[in-house]
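This is what each chain is made of:
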Number of protein chains: 2
Amino acid sequence: MQIIKYPNRDVWQQILSRPIMDSSSLFDTVRKVIDDIRLNGDDAVRQYTKKFDGVELSSFEVTQSEIDEAEKIVSAQLKQAIEIAKNNIHKFHSAQMPELKKIQTTSGVFCWQKAVGIEKVGLYIPGGTAPLFSTVLMLAIPAQIAGCKEILLCSPPDKNGNIHPAVLYAAKISGVHKILKIGGTQAIAAMAYGTESVPKVYKIFGPGNQYVTAAKQLVSLKDVAIDMPAGPSEVEVLADETANPAFVAADLLSQAEHGVDSQSILITTSETLIEQVKVEIDKQLEQLPRKDLAKKALDNSKLILVETMAEAVEMTNEYAPEHLIISTESYTDIANSIVNAGSVFLGNYTPESAGDYASGTNHTLPTNGYAKAYSGVNLDSFMRKITFQEITKEGLTNLSNAIILMAENEELQAHSNAVKVRIGD
Amino acid sequence: MQIIKYPNRDVWQQILSRPIMDSSSLFDTVRKVIDDIRLNGDDAVRQYTKKFDGVELSSFEVTQSEIDEAEKIVSAQLKQAIEIAKNNIHKFHSAQMPELKKIQTTSGVFCWQKAVGIEKVGLYIPGGTAPLFSTVLMLAIPAQIAGCKEILLCSPPDKNGNIHPAVLYAAKISGVHKILKIGGTQAIAAMAYGTESVPKVYKIFGPGNQYVTAAKQLVSLKDVAIDMPAGPSEVEVLADETANPAFVAADLLSQAEHGVDSQSILITTSETLIEQVKVEIDKQLEQLPRKDLAKKALDNSKLILVETMAEAVEMTNEYAPEHLIISTESYTDIANSIVNAGSVFLGNYTPESAGDYASGTNHTLPTNGYAKAYSGVNLDSFMRKITFQEITKEGLTNLSNAIILMAENEELQAHSNAVKVRIGD
């Protein structure tokens, strides 16, 4: 961990830079796989699954009996925990259903929006060291609330051709319609274009490694929408002298254990806190099963001391963290001045892990400073707003001069005619 | 125009296919310009402006005196028309400000969203044959309502180094902060990375030719967000025997005059209507100044006869038109079953041109079937929703078992520790 004291404004950008991540170098490799799957469908998917996942599958779809079996394997305790998370996620995302108004903009001119679920969505859940069943909940529950008609889930099979039972169980209780044992680029390509086994979807969600990210970016160029560009996870703790060093250390470490490219940042006005947090990190780190990985991630991490809370807030908005924990005395005031962040955690008893799992908020969030332009995944991500308008003859007459003049000044005579022919001009 | 009668379901996809559009073939060309501008800033922009727009500029920024001058040139009538449009666009987009609720998902666990304007946005307004001042209103007004702090506008200069006065006037009254005489790829690159004259923005909006589209796509891969992928404009009229053939013809033609790659589709249950519309198109076409262009666009266009209104609706949702005009007896019922469209116009007195200019709805809409996954530009496009949560010690205790169990089952011990350290477990 680097300790940086009172940095000048002109080095902020450098201090706050993320570990470099550029998936475009993988585009050529990934494009070949995509093209192959587009052309050869299931056969190509089967070959890549053999090559990358080390297993030969005759069928990709998880059967009902596999799901039933998974349900038996998952412990009652974990089921109960998942149920609590599910209920909270459902409550928070249901409350996001927009209330859209019909507006009369001019007498006789009525305009409104209708929010409609994206009919077909694809969720990608990575495999790897740990089963990310929490991400299943975060993506499938809002999809179901949005009214998506086909919710597809792809996740790589293990060497035995199975998906982790907790992932299957989470998918079952969140309304996923079809689960496929397909991972990596092949999953993204199959969902983007469809194969014999995989229906084409309109939008693809979910995290993944650099190959998955590159594949999502490539297919998003013209064939399918994606949730957002993804990068390594990151947390910032913004704290003053009232923060509890043990809590801050635990939060920084919970980010660091995600992967070697994770980033944990502390921005504080308290030099004492930095010293105490450093001690606490060393202490807590030793007890972590993933300590080697977390140690490497801590190399990307910074403890930054600034003069004032105003400066700390400004630096935070410049960094635009995916997760922001505010542990200060007047955290409500500070929260009001945050404009760039994915998800914000307020006070001493709101750890990031609450939002990662069970408080109800979504954990699929913009990394890499994308919070400046993107929201995290929320109910909107699974819907579109279609505009409607209905104009009476009187309403059209009221607007006719404006439309005709504007159209003719844009040299679009037929646009003007479409009004004239109606009002008998 | 092709007339297609009672097509089978299995040829729908082919019938409804768009004129091919693939900007990725331009990526290599466009990437060179982008890289040059990223490296050499204003100097590179100046050279490309000379090359592509045929004018040497010492300064790119439009001065206050140029704006004042433009205001004098625009006629009082056109100003009044623009004012009407502005007011309606303002009313409709202001009503879209989300009302976000604070939810207590579990006792002591409070979650909410805050909508915040994207701080820096860039609007691109193409040059070309006609001044698109209406697009200035459509992009800048919602940006202003959203609370964007820096609204930048780029548009190519003409041979004399000027931007059309109506574009400048529209920018002035819509709250644009800075107008730059930069067009094409160079505008997109300058806004994505910033130059000496052009501040970097976080999201780029606006239409453009294939080079602009390719440039937007390339910069969106990792450096800046964009509104949506753009393609040629299109309209579908969904009509029964109650539709007025002259109105339908006028609507199809108002789309056709946009460009040779525009597409106009009629889907109807009435064979008589098709015959009448054909006659009307021939009649109205002759009077259009852009008739040669419109004739070419009509080659992409189809008049499709189907058996039932249910089939017409299904085909419409499959096509997912940018603009959809519903001219049927029971248009409200039909509107309720539309799930894929950008903007929908109901009844006989609601031409697309009303929404293009002055009713208040946005005219920046998803083309090329993207309506299946994307909304048109609306207030949301200029905002992000940041999630907040505040948990009391009691609230965290209520969630603690669920978080700890889920984290440990995902093998993330430090996530679990962040809870344990707080509740003294």
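What you see is a predicted model, and the numbers here were worked out from it, not measured in a lab. Position numbers for residues count from 1 along each chain, tracking the sequence in the order it is written. Working convention: letters from A go to chains and numbers from 1 go to ligands, in the order in which they are written. Local features are withheld for residues below a pLDDT of 70 in this predicted model, meaning they are given only at 70 or higher, and side-chain atom pairs are given and counted only at 80 or more; totals for whole chains, interfaces and linings count all residues. Heavy atoms throughout the structure, all of them, feed into the side-chain values; hydrogens and water do not.

Participant: Which parts of the structure should I look at to understand the packing of aromatic side chains?
Facilitator: The description of an aromatic ring pair uses the distance of the two centres, along with the angle that the planes make with each other. Residues and elements named next belong to chain A. To pair, rings of Phe, Tyr and Trp, with the six-membered ring standing in for Trp, must have centres within 6.5 Å; the planes then decide the type, stacked if under 30 degrees apart, edge-to-face if over 60, and tilted in the middle. Counted according to the given criterion, the structure contains ten aromatic pairs over all chains. Between the aromatic rings of Phe205 and Phe382, the centroid separation amounts to 4.1 Å while the plane-to-plane angle is 15°, which identifies the pairing as stacked. Here Phe382 lies in the loop between helix 14 (352-357) and strand 14 (383-391) and Phe205 lies in strand 7 (residues 203-205), a separation of 177 residues in the sequence. Relative accessibility under 20% of the residue-type maximum defines a buried residue, over 50% an exposed one, and the middle range a partly exposed one, all with a 1.4 Å probe and only protein chains included. Assessed through its relative accessible area of 0%, Phe205 is described here as buried. Helix and strand definitions follow DSSP, with helices as H or I runs of at least four residues and strands as E runs of at least two, each counted in order from the N terminus.

Participant: Sorry, what's going on with the relation of the copies chain B and chain A here?
Facilitator: Each of the two chain copies goes to the other by way of a rotation about an axis and a shift along it. Under the fitted operation, chain B is carried onto chain A by 0.0 Å of movement along the axis and a turn of 180°, and the coordinates agree to an RMSD of 0.0 Å. Considering both components of the superposition, the chain copies are consistent with a two-fold axis. Closest approach to the rotation axis among the C-alpha atoms of chain B is made by Pro98 of chain B, whose C-alpha sits 3.7 Å away. Working rule for contacts: check all heavy atoms of both residues, and any pair within 4.5 Å makes them a contact. Counting the interface residues of chain B, we find that 99% of their copies in chain A are interface residues as well, pointing to one common contact surface. Residues below a pLDDT of 70 in either copy are left out; the C-alpha atoms of the rest, at least 70 in both, set the least-squares superposition of the copies.

Participant: Just to check I follow, could you spell out the interface of chain B and chain A for this structure?
Facilitator: A common way to state how big an interface is: give the accessible area lost once the parts meet. At the interface, 117 residues of chain B touch 116 residues of chain A. Across the interface of chain B and chain A, roughly 10,600 Å² is buried in total on both sides, 58% from carbon and sulfur atoms. Put simply, buried area is how much 1.4 Å-probe accessible surface two parts lose in total, over both of them, once they are put together. Counting the surface chain B buries against chain A, the share from its top three residues, Met406, Glu410 and Arg422 of chain B, is 8%. The salt bridge criterion pairs a side-chain nitrogen of Lys or Arg with a carboxyl oxygen of Asp or Glu, the two atoms within 4 Å. Linking chain B to chain A there are six salt bridges. What qualifies as a polar contact is a pair of N or O atoms within 3.5 Å, subject to a donor-acceptor requirement within protein and to the restriction that residues adjacent in sequence count only when both atoms come from side chains. Viewed at the interface, chain A and chain B are joined by 72 residue pairs in polar contact (both at pLDDT 80 or more). Residues are sorted three ways: Asp, Glu, Lys and Arg are charged, Ala, Val, Leu, Ile, Met, Phe, Trp, Tyr, Cys and Pro are nonpolar, and all the rest, Gly among them, are polar. Considered class by class, the residues forming the side of chain B that touches chain A number 62 nonpolar, 34 polar and 21 charged.

Participant: What's the story with empty space enclosed by the protein in this structure? I'm lost.
Facilitator: A probe matching the size of a water molecule, rolled over the atoms, marks out where space remains unfilled. Grid points spaced at 1 Å and placed over the protein atoms alone form the basis of the search, with a cavity being a set where a 1.4 Å probe fits but cannot get out and a pocket an open set showing protein on both sides within 12 Å along at least five of seven lines. Lining residues have an atom within 4 Å of a point. Grid points are joined across faces, edges and corners, and a volume is the space filled by probe spheres set on the points. Taken as a whole and assessed by the stated rule, the structure comprises six cavities of 30 Å³ or more. If you go around the largest cavity, you meet 45 residues; those closest to its centre are Lys203 and Tyr374 of chain A together with Lys203, Asp227 and Tyr374 of chain B. Going through the elements one at a time, helix 8 (210-220), strand 8 (225-226) and strand 14 of chain A together with strand 7 (203-205), helix 8 (210-220), strand 8 (225-226) and strand 14 (383-391) of chain B are the ones with two or more residues in the lining of the largest cavity. Split into classes, the residues belonging to the lining of the largest cavity amount to 23 nonpolar, twelve polar and ten charged. By volume, the second largest cavity is sized at about 300 Å³. Considering the residues around the second largest cavity, the lining is formed by 22 residues, among which Met97, Pro98 and Glu99 of chain A together with Pro98 and Glu99 of chain B are closest to the centre. When the residues that make up the lining of the second largest cavity are grouped by side-chain class, the tally is eleven nonpolar, four polar and seven charged.

Participant: Would you mind going over the nonpolar core with me for this structure?
Facilitator: Nonpolar side chains in soluble globular proteins tend to end up buried together. One finds Leu123 and Phe382 of chain A together with Leu123 and Phe382 of chain B to be the most contacted residues of the largest nonpolar core, which totals 130 residues. Those residues within four positions of Phe382 of chain B in sequence are excluded, and the remaining contacts are Val116, Gly117, Ile118, Val121, Leu123, Leu139, Pro142, Ala143, Ala146, Cys148, Phe205 and Val377 of chain B. In this description, a nonpolar core means a group of buried Ala, Val, Leu, Ile, Met, Phe, Trp, Tyr and Cys residues linked to one another through side-chain atoms lying within 4.5 Å. Counting 68 residues, the second largest nonpolar core, distinct from the first, contains Ile37 and Ala190 of chain A together with Val33 and Val45 of chain B.

Participant: What is the right way to look at the sheet that holds strand 5 (residues 150-154) of chain A in this model?
Facilitator: Across a sheet, paired strands are connected by hydrogen bonds in the backbone, their directions being either parallel or antiparallel. All names here are of chain A. DSSP calls a pair of strands paired once it identifies at least 2 bridges connecting them. Within the open sheet, the five strands sit side by side as 6-5-4-7-8. Their pairing is parallel. Pairing within the sheet leaves two strands with one partner each, and these edge strands are strand 6 (178-180) and strand 8. With two bridges connecting them, strand 7 and strand 8 associate as parallel partners. Bridging from a neighbouring strand, Lys203 pairs with Ala225 of strand 8.

Participant: I keep staring at the pairing of strand 9 (residues 234-239) of chain A and nothing clicks. Help me out?
Facilitator: A regular strand places its side chains so that they alternate between the two faces of the sheet. Residues and elements named next belong to chain A. Extensive coverage of strand 9 is indicated by the burial of six of its six residues. Side chains Glu234, Glu236 and Leu238 project from strand 9 onto one buried face, and the interleaved Val235, Val237 and Ala239 project onto a second face that is buried too. Across six bridges, strand 9 lies against strand 10 (residues 263-268) in parallel orientation. Bridging across to strand 10, Glu234 finds its partner in Gln263.

Participant: What am I meant to see in the environment of Lys172 of chain B here?
Facilitator: All names here are of chain B. Following the sequence through the fold, Lys172 ends up in helix 6 (residues 165-173). Considering only alpha carbons, one finds Lys172 and Val136, 36 residues apart in sequence, at a separation of 9.7 Å. Residues within four places of Lys172 in sequence aside, it is in contact with Ile67 and Glu71. Engagement of the side chain of Lys172 in a polar contact is seen with the side chain of Glu71, the distance being 2.6 Å.

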